Structures are given as C-alpha cells and as structure tokens.
Amino acid sequence: MNRKTKALQSIDTIIIRVSDIQKSKRWYVDNLDLSPVYEDNNINLLVLDTGGQVSLTLWQTDEKIEVNKNTASYPIFRTENAASANEELKSKGINVSDVIDDGAVKYFTFFDPDGNVLEACQVHE
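Residues numbered from 1 in each chain as written. Predicted model: local features only at pLDDT ≥ 70, side-chain atom pairs only at ≥ 80, totals over all residues. Heavy atoms only, no water.

Caption draft 1: Expanded view of helix H1 (residues 21-32). An ideal rise of 1.5 Å per residue puts 16 Å on 12 residues; H1 measures up with 15 Å between its terminal C-alpha atoms. Inspection of H1 places Ile21, Ser24, Trp27, Tyr28, Asn31 and Leu32 among the buried residues, and these make up the whole buried set. Down the axis of H1, the buried side of the element spans an arc of 130°, and every buried residue falls inside it. Sitting at the head of H1, Asp20 places a side-chain oxygen 3.1 Å from the backbone nitrogen of Gln22. Count one or two residues on from H1 and you reach Asp33, which has phi positive near 60°. (Helix = DSSP H or I, 4+ residues; strand = E, 2+ residues; numbered from the N terminus. Expected span 1.5 Å × (residues − 1). Buried < 20%, exposed > 50% of the residue type's maximum accessible area, 1.4 Å probe, protein only. Arc of directions from axis to C-beta. Polar contact = N/O pair within 3.5 Å; in protein donor to acceptor, adjacent residues only side chain to side chain.)

Caption draft 2: Quick peek at the pattern of salt bridges. In this structure the tally under the stated criterion is 3 salt bridges. Linking Glu87 and Lys90 is a salt bridge whose minimum nitrogen-to-oxygen distance equals 3.6 Å. With a gap of 3 residues between them, Glu87 and Lys90 both fall in helix H2 (residues 82-91), about one helical turn apart. Residue classification places Glu87 among the partly exposed residues on the basis of a relative accessible area of 47%. Glu88 is the partner of Lys92 in a salt bridge, and the nearest nitrogen-oxygen pair spans 3.5 Å. (Salt bridge = Lys/Arg side-chain N within 4 Å of Asp/Glu carboxyl O.)

See the structure below:
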C-alpha cells in the first residue's frame, strides 16, 4: 500500500508575543515552572518546554500588544486539579478568573504581564 505523507504532521510550538523578553522569561519560568530549551538574543525569542509535545515560544515585539480576551487565540495548559492550580497562581499575584465547571471540564483563565490570555483545564475522568 502506498501511503501519502502528510504535509503537516503536528503543531510544534505556539508563539506568544511579549513586550519584554527578559521580564516574560522570568514570569513564565518562575510562575509556571516552564523550562527554557532555546534562546536567541538576536531576535529576542525564547522557547519553553511545556512538558508536552508542543512548546511555547515567547517572542518580543516592539508593536503595542493589544489582547481581546473574547477573540484571542491562546494556549490551554492541562492540570490535574483546576481549583488547586487556580489558588497557586493566585497566591503568586497572578490575575486569574474563577474556576468554571461546565460538566465536562473545570477551567480558568489567567494572564501574563502583557495581558496575554492563558487557560488551565482539568478534564473530568
């Protein structure tokens, strides 16, 4: 059987634009426990290991970052316990929403220093 190779195999990384790469690096490493795996200081780019197959890439821009929570694309982090994760982030001074339980999942949104939307999700088993 002759199999056709897919042009796109999987998602490699998600890019989040930030205004200050060093400030954002500290925030993501210190608050979310993500590990840097690649850094390019010439273009102000940092790749972070998320613990899964998809990395998170922070990339500094000189443009004004304008995030609309209702229309923004954003990464969703898996968590075993949404309530506990929510409290932990809140204790670090991070702007977090209340935990929502829609019957299938428990989730909440939170925001990085540039106001980029992030979400944590606990799937009901």
